[in-house]
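# Secondary and tertiary structure notes
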Amino acid sequence: MTPVPPPAKDAPLAPGLYIVSTPIGNLRDLTFRALDVLAAADLILAEDTRVSGKLLSAYGLSKKLERYDDHTGDRARPRILEQLAGGARIALISDAGTPLVSDPGYKLVREAAAQGLAVIPIPGASAVLAALAVAGLPTDRFLFAGFPPPKSAARRTMFGELAGIRATLVFYETGPRLAESLADMAAVFGPREAAVARELTKLYETCIRGPLPDLAADPRLQSPKGEIVVLVGPGREEAATAEDADRALADALKRLPPTEAAAEVAKALGLPRRELYRRALDLKGRG
C-alpha cells in the first residue's frame, strides 16, 4: 500500500476556484488535500461563516472567511469573479458535505467556467454517497432529487413525476416532515424497498430499512432529529395493471382535475394518457 503523504503545506496552490468537500459530521473525514487547499487559499467562501469558523479552528487554521449563499451570491459574484481573473485562489465550502449538492454555488461555478477560469473539485464526504453505500438498495443507477416540497399535494405531484424512473431515488428530508413525507411516498410509490439514513458519520448514526409503508408507520421515524437521507428503490419492471391505474388515478383525482391526473399517472405508470383520461372521467363521475 502506498504511504499516505503528509499535508503539503508549502506546495504552491494554483489560481482558481476550489470546490472543497467538508465533513458531514465526523471531523476526521476532511481529506489531506482539502486541508492543503484551505490552508493556502486567499479566501474561503462559506455558507455560514460561524459553522465554517468552527471547522477551521478545529484544524488550527485562521483564514479570511466570507459568507456566500443564496442571499449574498448575486452581489458577491462579480467581485469574486474579478478576483479569480486576477489570479486569486478561492475555496468554496458548504456547512457540510460537497458544495452545490442542495447547497449554494451553482451560479458561481457556471459563470467562472464560462469565463474560462479554473474550477477544481476537491472531493470528500457526501451524504448522498454515504447513504447509498449503506442502504442496501441498487446503486448502479440513482437519482438525487433534493428536498421534497413542504406541502403534501406538491410532494405527491413530485413523487408521481419520479415514479417511472428505474433508479434508486435519493431525497433529503427534515425530521419534522419525515413521517408525512414517508406516508406520501408509500401512497405514490407503493411498497417499494426503502431506507432512512440519519446522522451519518455521527454518534447516533442509524439506517432503517424496509418497505415504504412499514417505514411510514415506524415510531422511530415519526419526528427524528438530525440530518436525514431517504432512499427509495427502483419500481418494478412489469407493466402496470388496470387496478394499479385505478388506484393511482383515484389518489391523483383527490388533488388534480382529470386531465392533469391522467397526465401524472401516464408518466408514472407508462400507460396511454388518452385511455387514462377516459378512465379518470368515469371515476370522477362515480364520485
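Our subject in this report is the structure included herewith.

## Overview of the sheet that holds strand 5 (residues 119-122)
- The sheet built from five strands is open, its strands ordered 3-2-4-1-5 with parallel pairing. Whereas interior strands pair on both sides, the edge strands pair on one side only; in this sheet they are strand 3 (65-67) and strand 5. The sheet shows a mean angle of 25° between the axes of neighbouring strands, direction not considered.
- Two strands pair when backbone bridges link them, and strand 2 (residues 43-46) and strand 4 (residues 89-93) are joined in this way by four bridges, in the parallel orientation. Within the sheet, the bridge partner assigned to Ile 44 lies in strand 4 and is Ala 91.
- Where helix 2 (residues 49-58) meets the sheet, it contacts strand 2, strand 3 and strand 4, and its direction lies at approximately 155° from that of strand 3.

## Overview of unusual backbone geometry
- Of note, the phi angle at Ser 102 is positive, near 60°, even though the residue is not glycine.
- Here Ser 102 is to be found in the loop between strand 4 and helix 4 (106-114).
- With relative accessibility at 36%, the residue Ser 102 sits in the partly exposed group.
- In this structure, Glu 199 is a non-glycine residue whose phi angle is positive, near 55°.
- Looking at where Glu 199 falls in the secondary structure, it is placed in the loop between strand 8 (193-198) and strand 9 (206-211).
- Judged by its relative accessible area of 14%, Glu 199 falls in the buried class.

## Concerning the layout of surface pockets
- Volume-wise, the second largest pocket comes out at about 520 Å³.
- If you list the elements that add at least two residues to the lining of the second largest pocket, you get strand 7 (168-173), strand 8 and strand 10 (228-232).

## Here's the deal with the packing of helix 9 (residues 242-253) against helix 10 (residues 258-269)
- Taken N-terminus to C-terminus, the directions of helix 9 and helix 10 make an angle of 135°; their axes are 9 Å apart at the nearest point. Taken together, the axes of helix 9 and helix 10 are oblique relative to one another. The hand of the helix 9/helix 10 crossing is right-handed. For the pair formed by helix 9 and helix 10, the contact residues are Asp 244, Ala 245, Ala 248, Leu 249, Ala 252 and Leu 253 on the first element and Pro 258, Ala 261, Ala 262, Glu 264, Val 265 and Leu 269 on the second.
- Per-class residue counts for the contact of helix 9 with helix 10 are ten nonpolar, no polar and two charged.

The rules behind each value
- Residues numbered from 1 in each chain as written.
- Predicted model: local features only at pLDDT ≥ 70, side-chain atom pairs only at ≥ 80, totals over all residues.
- Heavy atoms only, no water.
- Pairing = 2+ DSSP bridges.
- Helix = DSSP H or I, 4+ residues; strand = E, 2+ residues; numbered from the N terminus.
- Axes fitted to C-alpha atoms, helices over the stretch in contact; angles between N-to-C directions.
- Contact = heavy atoms within 4.5 Å.
- Buried < 20%, exposed > 50% of the residue type's maximum accessible area, 1.4 Å probe, protein only.
- 1 Å grid on protein atoms, 1.4 Å probe; cavity = no way out; pocket = protein on both sides within 12 Å on 5 of 7 lines; lining within 4 Å.
- Points joined across faces, edges and corners; volume = space filled by probe spheres on them.
- Parallel < 35°, antiparallel > 145°, perpendicular 65-115°, else oblique.
- Left-handed = near helix turned anticlockwise from the far one by under 90°.
- Nonpolar A, V, L, I, M, F, W, Y, C, P; charged D, E, K, R; others polar.

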